[in-house]
Amino acid sequence: MATLNRVFTAAAGVIALGGIVLGTASPASAATRNGVCETGEFCYYFNSNTKGSVSDFGGSVADYGTKQPSCYDFKGSGAGKGKCIKNEAASVWNRSGKTVRVYYNTGYKGSYQDFKAGAKGNLSATLKNQNASHRFSPPASTGRVNLSYALYNATGRISCHFDGYTSTPGRHEGIDFVRGVGVNVRALITGQIIHVARGRTGSGGLSTISIYNASLNKSVIYLHTAPNASLKVGQTVKKGQAIALESWRGVGSSASAHTHVEMRPGRQKYASKSVGDPVLSNPNPNAFWNSLGYNVR
Ligand SMILES: [Zn+2]
């Protein structure tokens, strides 16, 4: 009985101590990397929905390092504690008063995602476990246009990122965009048409337009659209030129209409198989699109 009592007393002591530790964490210590996400800080979490171990920052970091003991690591209690944060974060909480931008590459390069002051959220499919640097008050991204805008010359959205399948079996070899059945779809790069398959609406009716840019030695392939009647193999199309209407050729229903855009190295007439194919054949296209002045969004 006496032993049991001591156990309870000790446990109560630990709880009380825990309470005191939490109570002393204040905004005054915001600059300290202490594993607590405090006012004024930007914080990474190891798991989605701001769960798991936290890594807190009072400023920008261009390179996190990749090896202990010198890397920036997760410091809070919970899953991931002690791991280097590079390519390991799933969510963030921006408790600073500034916008913070998370980048795919070190040195504030590559695809990115912005978190406004006070924002709390998961990293996008592109950046989840692919975080390599972050910057407070990032420069305005002048001159860059979103792919989802350029494809339609109007507002669209990405419905599935590269390798972004969550419930479909296989690996997604391109990026899916949505605006609506019947809207113009435009060429994202200049090049020569090397293949057109018109297809038909519904599953099994896949349409394909492949445009090859010789100087970049890349093919950009558009699936599921209704290709314009005038399109011919050998024709040169300019960036921004309307080439098709959004449709659901090779897609089960009109409600799922979208345009799949796939970048492939070299001269490729056909898209890689995505659905049901466990092998990812294409490289991640985000750096390619960024190099052409596009944001992958
Ligand atoms: Zn797709």
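Computed from a predicted model, the values in this text were never measured in an experiment.

Caption draft 1: Geometry of the sheet that holds strand E7 (residues 133–136). Strand order in the open sheet formed by three strands is E5-E4-E7, with antiparallel pairing between adjacent strands. Of all strands in the sheet, those bounded by a partner on one side alone are strand E5 (109–115) and E7. Neighbour-to-neighbour, the strand axes of the sheet open up by a mean angle of 25°, direction not taken into account. Note that strand E4 (residues 100–105) and E7 share four bridges and pair antiparallel. Considered in E7, the bridge of Val100 is made with Phe136.

Caption draft 2: Region of interest: the sheet that holds strand E17 (residues 242–245). Read from one edge to the other, the open sheet built from three strands follows the order E11-E17-E15, with strand pairing classed as antiparallel. Each edge of the open sheet carries a strand with a single partner, namely strand E11 (184–186) and strand E15 (226–227).

Caption draft 3: View of the confidence of the model for the protein. Put simply, the protein has an average pLDDT of 90, and 89% of its residues get 70 or more. Predicted confidence is poor over residues 1–28, with pLDDT under 50, and the contacts of this stretch with residues over four places away or in other chains come to five contacts.

Caption draft 4: The environment of Val54, seen in detail. Position of Val54 among the secondary structure elements: in strand E2 (residues 51–57). Each C-alpha atom, one on Val54 and one on Val36, is 6.7 Å from the other, the two residues being 18 residues apart in sequence. Dropping the residues within four chain positions of it, Val54 is found in contact with Gly35, Cys37, Cys43, Tyr44, Tyr45, Phe74, Lys75 and Gly76.

Caption draft 5: Seen up close, unusual backbone geometry. A cis amide bond, omega 10°, links Gln68 with the succeeding residue Pro69. Residue position: Pro69 is located in the loop between E2 and strand E3 (91–94). A positive phi is found at Tyr108, a non-glycine position, where the angle reads about 60°. By the element assignment, Tyr108 lies in the loop between E4 and E5. Assessed through the 19 C-beta atoms surrounding it within 10 Å, Tyr108 is described here as partly exposed. Although it is not a glycine, Asp163 adopts a positive phi angle of roughly 55°. By the element assignment, Asp163 lies in the loop between strand E9 (157–160) and strand E10 (175–178).

Caption draft 6: Local environment of the pairing of E4. Most of E4 sits out of view: five of its six residues are buried. Sheet topology places E4 next to E5; five bridges connect them, and they run antiparallel. Residue pairing for E5: Asn105 is matched across the bridge by Lys109. Between the antiparallel neighbours E4 and E5 lie three residues, among them Gly107 with a positive phi of about 70°.

Caption draft 7: Inspection of the nonpolar core at higher detail. In this structure, Leu147, Leu151, Leu188, Val220, Tyr222 and Val261 are the most contacted members of the largest nonpolar core, which totals 29 residues. Elements represented by at least two residues in this core include exactly helix H2 (147–150), E10, strand E13 (208–213), strand E14 (218–223), E17 and strand E18 (259–265). For this core, the element with the most residues is E14, which contributes four residues. In this structure, Leu147 is in contact with Leu188, Trp289, Tyr294, Asn295, Val296 and Arg297, ignoring residues within four places of it in sequence. The next biggest cluster of nonpolar side chains, apart from the first, holds 24 residues, and it includes Phe57, Phe74, Ile85 and Leu127.

Caption draft 8: Expanded view of the environment of Thr106. Tracing the backbone shows Thr106 in the loop between E4 and E5. Judged by C-beta crowding, with 16 C-beta atoms within 10 Å, Thr106 ranks as partly exposed. Sequence separation between Thr106 and Lys86 is 20 residues; the distance between their C-alpha atoms is 9.3 Å. Those residues in contact with Thr106 that lie beyond four places of it in its chain are Ala62, Asp63, Ala132 and Ser133.

Caption draft 9: Inspection of the environment of Ser77 at higher detail. Among the secondary structure elements, Ser77 is positioned in the loop between E2 and E3. The class for Ser77 is exposed, based on 12 C-beta atoms found within 10 Å. Considered as a pair, Ser77 and Val36 are 41 residues apart in the sequence and their alpha carbons are 9.1 Å apart.

Cut-offs applied
Residues numbered from 1 in each chain as written. Predicted model: local features only at pLDDT ≥ 70, side-chain atom pairs only at ≥ 80, totals over all residues. Pairing = 2+ DSSP bridges. Helix = DSSP H or I, 4+ residues; strand = E, 2+ residues; numbered from the N terminus. Axes fitted to C-alpha atoms, helices over the stretch in contact; angles between N-to-C directions. pLDDT = per-residue confidence, 0-100. Contact = placed C-beta atoms within 7 Å. Buried ≥ 20, exposed ≤ 12 C-beta atoms within 10 Å, placed from the backbone. Core = buried A, V, L, I, M, F, W, Y, C linked by C-beta atoms within 7 Å.

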